[in-house]
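# Structural overview for review
Single-letter residue listing:
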Amino acid sequence: MEILIPDQIVNVINLSLYYGKTKALKEITLDVSKSKITSFIGPSGCGKSTLIRCINRMNDLIEDVKIEGEIKIDGCDIYAPDVDVTELRKRVGMVFQKPNPFPKSIFENVIYGPRVLGVKNKSVLKDLCEKALKRAALWDDVKERLHVNALDLSGGQQQRLCIARAIAMEPEIVLLDEPCSALDPIATSKIEDMLVELKKHYTVIIVTHNMQQAARISDYTGFFMLGKLMEFNVTTEIFTNPREKATEDYITGRFG
Amino acid sequence: MKSIKRRRFTDKAAHWVIKLGGAAVIVVILALFIFIFLEVYPLLKDARVIDKKTFLLSESVIALKTDDQQEIACVLYKKGLVEFISLTDGAVIKKHPLSGLGNALITSVDMADNHLFIGTDDGRLLTVALSFSESFDQGVRIISPEVSEEEPLCFDDQKKPLKSIICKKSDSARVLIASSEDGRLLLRATEETTSLFGRGEKKEVVQDITGLISGAGRNDAPHLSPPDERLAMTPAVTSLALDHFLENLYVGASNGELFHFNISDKENPYLVEKIKASDTAITALGFLLGDVSLVVGDQRGGINVWMRVRDEALASGWALKRIHTLKSHNAAVIAIAPSFRDKGFLTAASDGTINLNHATSEQTLLTITTTAKPATIVFSPKANGALAVDENNTLYLWHISNPHPETTLKTLFGRVWYEGYEKPEFVWQSTGGTDDFEPKLSLTPLIFGTIKGTMYAMLFAVPVGVLAALYTSQFLHKTLKPIKPVIEIMAALPSVVLGFLAGLWLAPLIEKIFPAIIIFPLFILLFISFAIFLWNYIPPAFKGRYKHGAEALFLIPFIIIAAYVSIQLSGYCEHLLFSDDYRRWLNDILGLRYDQRNAVVVGFAIGFAIIPLIFTISEDAMNNVPKSLISASLALGATPWQTAMRVVLPTASPGVFSAIMIGFGRAVGETMIVLMATGNTPIMDWNIFNGFRALAANIAVEIPEAPMGGTLYRTLFLAAMLLFITTFLVNTVAETVRQKMKRRYSKL
Ligand SMILES: Nc1ncnc2c1ncn2[C@@H]1O[C@H](COP(=O)(O)OP(=O)(O)OP(=O)(O)O)[C@@H](O)[C@H]1O
Ligand SMILES: [Mg+2]
């Protein structure tokens, strides 16, 4: 069942993760291709978020987590002791399941990453902000009110703001954990268009519960169940010709 | 149905109980405020006349006196009759014609204690002693006045009328000064020197000292009568004042000059100073209680208070200065009557106005009038009444309520020129050694002390409390979290314990190892750098075992070593930096005095009292910052420290702000620590090595000294009110700002 992934940027090799004594991820191996969209699907609680969090080491914040196996980005093990986590996170941006803008102005939110990196020049920051907001398809909504509190935006706008905030740092890889779960169809399609656009510059990994979405935008799809990677293949293959029975049941809506 | 009804009833009842509770709290606070205000309010009220009585007398009066209870007035008629009049019904209780007067007329009178010194128109002096003896007859108090005369004394050899006269006595001496109608100034002093065997020896000096006025400087031959032309040039003497030390004689002249003579050596009195006190004639002089400040009234009605003030520019080292100016009368001042209680005095002008003044507070509290020109006025011994007789022979009695003449907003908060001070100053000194001590109640040094103590405490507590909260909430490993309740227990420590520790243990300790404390920051920096250097070489296995928090544990031994090294090097450092004695060095080089109990100690101690407060509230606020925000920040490549500073602190700022404000409120009101850890000296100096006295501690210190209803008592209530208002304002401002900030983050 091994498939050949071209132009690999992330390699997950035999990864297992324990929350205390419960094993949430079980010996997962997959590769992510550069400048492509890879989507993870699967029933609730199967470990998609856990896996995506492993890629930028956000699991470090959770106590009692034990990880076995390896994740390599550009061939380097990101769990090696000499890895600088903040450097890693600068390269691997993340958008969370729930929008979480800072209680600051829209402008301050978008330029948070560059600011932290030490960019001080006002005009540079303005350009970065505009570019990021345009890519996140939010510019037209907010260009008049960059200095209002981000918490005054609608939920969909907040989520796009979080995406703009993540890509303002120009990461190599963008991780998105169900970015559209709280959005209406119009906003969702805007974000989907955006992701397709983003693909030109970044590698995108997205977790979604929306089969159509995965089918529409992603190039590769992984199907998870109970912490196991059931099947990983080119999206069209998974949706038209699943090899596993469970995959077929899931995508046809027979359970999950 | 029934249950719905019952539920409604419970709802309603709960609603009302809660409403009532809330209202009760507000009512109690308001009542508290009103109570304090009512205690303070009388401080700033003017005096008022409670009761006024008039009695018509038969003849013209020259002097007047009353007893402590204002029940009996003693009146001296010009023609030589002493009469005691009941002030309840005007009945004459006793008459005593002065037998020593003969056919002469009374021209001047001086009253001292229970004596009348009477000058006559034939140059003689009569001394009359008055006394009121009390007896009880079937529970009724009967006051029976007594009069006794001494043998008349021939004062002026030339037998001219004595225009004004003054007499003062001490245990062993008596000095009489009189000015005659033809412009001579006469002195007669009797001194009794007791030899070793107790045999008294009487010495009498009789002198004509007119020359002191006409000639400048020392009078060489005062006993020779001065040439007539010199006499003609001499300004006419209008009034006299002599202090009870029998040393300083002041003479007011018709040209507005005020002469100050030193007569301590009765045989050689000399002119100390001559000043132009007024552009018109000086018409009245009078000492205030204590015989130091001199009230000068002039022809135009001006009233000024003069005092000798230290002045290095002058040879004598002292100069007469005008220290207070009171409201003027519209006509010539004719009499000045001091209070026997405070620095208050009555002044009467020829237009019949009588002002009740207070010198130090420079206020005229009351104006009362007589229908004709007053002949004589007197302040009752308890300063609660005034008596006057006018030229229509009407005797007036005013009962006066004047509880707080010495207090104005200016005396409470401004600079006041007190007797014995070189310039106006802010002074708090409520009690003194002598009876005629004047309480000095300026709240400014206390407000200053409060601000100073609070500031130094906040300077220490805010960074420590907030940073400790930040560390505990963001970096400390879960297993070390029990630290928080331990710090919270610190808040429950009674402040008296902290004050005790600070005053009796910390203050002497700091004093002993002061140089060590100066070099401690340097060593701590050095050792922490060293620790960080070492930390990088520690095997990760060891670090991993303790995760976050291990750094802190690792640092502790280094800090202890740094402290130890600084203490060991203390002596050496004192030798090197402070040339062997840091106290002297501070004094000589920086001009700072070092007190053992100083603002550093208090800052530490109050800081310790409020750190737990600031820590707990800020820690809670920081812990409540949503984890999603922290994750977002970390996912954007921020370090934990950047996350703490840029996300956690701003988001928790409403809570941190409340924490600081609550700490501030506590520090302002802190009493026991300030009381025990400072010297409670009410000085105004930012010097960190000096003590201070704070408003709250002051209340605790002074309460035993403050009789109920007195000025000090009410001033302490004013201090309480200031504290109350401050706390109220701080809390209100804090709450509004917090609400505003909270609204910004409410959508989180
Ligand atoms: N912090 C945690 N501590 C302990 N167990 C956790 C933690 N987070 C997740 N788990 C457990 O790990 C398993 C995988 O969770 P995860 O959040 O990865 O699921 P998911 O696939 O993202 O589900 P969903 O689609 O509902 O988001 C679940 O059984 C969950 O209970
Ligand atoms: Mg999830």
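Keep in mind it's a predicted model, so treat the numbers as computed, not measured.

In this section: the overall build of chain A. Along the backbone of chain A there are eleven helices and ten strands. Computed over its C-alpha atoms, the radius of gyration of chain A comes to 18 Å, within 12% of the 18 Å expected for a compact globule of 256 residues. Considering only C-alpha atoms, chain A reaches an extent of 50 × 45 × 35 Å along its principal axes. For chain A, with 256 residues in total, the buried portion stands at 45%. In chain A, once contacts between residues fewer than 6 apart in sequence are set aside, the share between residues at least 24 apart is 68%.

Another point: the interface of chain B and chain A. Contacts between chain B and chain A engage 19 residues on the former and 23 residues on the latter. For the side of chain B that touches chain A, the secondary-structure elements that each account for two or more residues are helix 14 (627-635), helix 15 (640-651) and helix 19 (711-745) of chain B. Examining the composition of the side of chain B that touches chain A, we find that six residues originate from one element, helix 14 of chain B, more than from any other. Looking at side-chain class alone, the side of chain B that touches chain A contains ten nonpolar, six polar and three charged residues.

To continue, consider the confidence of the model for chain B. The predicted model of chain B has a mean per-residue pLDDT of 86, with 94% of residues at 70 or higher. Here the complex is predicted with pTM 0.83, and the ipTM for its interfaces comes to 0.93.

So, about the pairing of strand 6 (residues 106-112) of chain B. Each regular strand carries side chains that alternate between the two faces of the sheet. All names here are of chain B. In terms of burial, strand 6 is largely enclosed, as six of its seven residues are buried. Of the pairings in the sheet, the one linking strand 6 to strand 7 (residues 115-120) comprises six bridges and is antiparallel in character. By the bridge assignment for strand 7, Val-109 is matched with Ile-118. The turn linking strand 6 back onto strand 7 is made up of two residues, and Asp-113 within it adopts a positive phi angle of 45°.

Residue placement: Lys-36 of chain A occurs in the loop between strand 2 (22-33) and strand 3 (37-41). If we skip the residues at most four places from it in the chain, Lys-36 of chain A touches Lys-199, Thr-203, Asp-219 and Tyr-220 of chain A.

Entries for chain B in the domain assignment read domain 1 (2-44), domain 2 (98-276) and domain 3 (444-691). Domain 2 of chain B and domain 3 of chain B are separated by 70 Å when their C-alpha centres are compared.

Here we come to unusual backbone geometry. Both trends apply: most residues other than glycine have a negative phi, and most peptide bonds are in trans. The phi torsion at Asp-7 of chain A lies on the positive side, around 55°, for a residue other than glycine. Mapped onto the secondary structure, Asp-7 of chain A falls in the segment before strand 1 (8-19). Notably, Asn-393 of chain B is not glycine yet its phi reads approximately 65°, a positive angle. Mapped onto the elements, Asn-393 of chain B comes out in the loop between strand 28 (385-390) and strand 29 (394-401).

All names here are of chain A. The immediate surroundings of ligand 1 are formed by Tyr-19, Ala-24, Ser-44, Gly-45, Cys-46, Gly-47, Lys-48, Ser-49, Thr-50 and Ile-62. Ranked by the residues each element gives to the shell around ligand 1, the list is headed by helix 1 (residues 48-55), at three residues. Each residue belonging to the shell around ligand 1 can be placed in one class, and the counts come to four nonpolar, five polar and one charged.

Our focus in this paragraph is the nonpolar core. Counting residues in hydrophobic clusters, the biggest one holds 141 residues, and the most contacted among them are Ala-164 of chain A together with Ala-502, Val-602, Ala-605, Ile-614 and Ile-673 of chain B. No other element matches helix 13 (residues 599-623) of chain B, which puts 17 residues into this core. Not counting residues up to four positions away in its chain, the partners in contact with Ala-164 of chain A are Val-110, Ala-132, Leu-133, Arg-135, Ala-136 and Leu-138 of chain A.

All right, on to the sheet that holds strand 3 (residues 72-77) of chain B then. All names here are of chain B. Overall, antiparallel pairing links the four strands, which are arranged 2-3-4-5 in an open sheet. Every other strand in the sheet has two partners, leaving strand 2 (61-66) and strand 5 (92-97) as the edge strands with one partner each. Averaged over neighbouring strand pairs, the angle between their axes works out to 15° when direction is ignored. When strand 4 (residues 81-86) meets strand 5, the two strands line up antiparallel, connected through five bridges. Among the inter-strand pairings, Phe-84 is bridged to a residue of strand 5, identified as Lys-94.

We now examine the packing of helix 7 (residues 495-512) of chain B against helix 13 of chain B. Residue and element names in this part refer to chain B. Running from N to C, helix 7 and helix 13 point in directions that differ by 145°, and their axes come no closer than 9 Å. Like other packed secondary-structure pairs, helix 7 and helix 13 cross with a definite hand, here right-handed. Here Ser-495, Leu-498, Gly-499, Ala-502, Leu-506, Ala-507 and Ile-510 of helix 7 lie close against helix 13, whose contacting residues are Val-600, Val-601, Val-602, Phe-604, Ala-605, Phe-608 and Ala-609. Split by residue class, the contact of helix 7 with helix 13 holds twelve nonpolar, two polar and no charged.

Residue and element names in this part refer to chain B. Topologically, Ile-451 is positioned in helix 5 (residues 444-474). On the basis of neighbour count, Ile-451 is assigned to the partly exposed category, with 15 C-beta atoms found within 10 Å. Through-space distance from the C-alpha of Ile-451 to that of Ala-667 is 9.4 Å; in sequence the pair is 216 residues apart.

Glancing now at helix 8 (residues 514-535) of chain B. Because an α-helix completes one turn every 3.6 residues, residues spaced three or four positions apart along the sequence face the same direction. Residue and element names in this part refer to chain B. Given a rise of 1.5 Å per residue, 22 residues ought to cover 32 Å, and the 31 Å separating the end C-alpha atoms of helix 8 matches this to within 8%. In helix 8, a bend of some 40° at Phe-520 exceeds every other bend along the element, and Pro-521, a proline, comes one to four places later. Among the residues of helix 8, Pro-515, Ala-516, Ile-519, Phe-523 and Phe-527 are the ones counted as buried.

Residues and elements named next belong to chain B. Taken together, the four strands give an open sheet; going across it, the order is 19-20-21-22, and neighbouring strands pair in antiparallel fashion. Each end of this open sheet is capped by a strand with a single partner; those strands are strand 19 (282-287) and strand 22 (318-326). Adjacent strand axes in the sheet meet at a mean angle of 30° when their direction is disregarded. Sheet topology places strand 20 (residues 294-298) next to strand 21 (residues 303-310); four bridges connect them, and they run antiparallel. Counted as the bridge partner of Gly-297 is Ile-303 from strand 21.

Quick look at the environment of Gln-213 of chain A now. Residue and element names in this part refer to chain A. Structurally, Gln-213 can be placed in helix 9 (residues 211-217). For the pair Gln-213 and Asn-14, spaced 199 residues apart in the sequence, the C-alpha separation amounts to 28 Å. With residues near it in sequence (within four places) discarded, Gln-213 still touches Cys-180, Glu-192 and Thr-208.

About the thresholds
- Residues numbered from 1 in each chain as written.
- Chains lettered and ligands numbered in written order.
- Predicted model: local features only at pLDDT ≥ 70, side-chain atom pairs only at ≥ 80, totals over all residues.
- Helix = DSSP H or I, 4+ residues; strand = E, 2+ residues; numbered from the N terminus.
- Rg over C-alpha atoms; globule rule 2.2 N^0.38 Å.
- Buried ≥ 20, exposed ≤ 12 C-beta atoms within 10 Å, placed from the backbone.
- Contact = placed C-beta atoms within 7 Å.
- Nonpolar A, V, L, I, M, F, W, Y, C, P; charged D, E, K, R; others polar.
- pLDDT = per-residue confidence, 0-100.
- Pairing = 2+ DSSP bridges.
- Domains from an automatic or database assignment.
- Near = placed C-beta within 6 Å.
- Core = buried A, V, L, I, M, F, W, Y, C linked by C-beta atoms within 7 Å.
- Axes fitted to C-alpha atoms, helices over the stretch in contact; angles between N-to-C directions.
- Left-handed = near helix turned anticlockwise from the far one by under 90°.
- Expected span 1.5 Å × (residues − 1).
- Bend = angle between axes of the 7 residues up to and from the residue.

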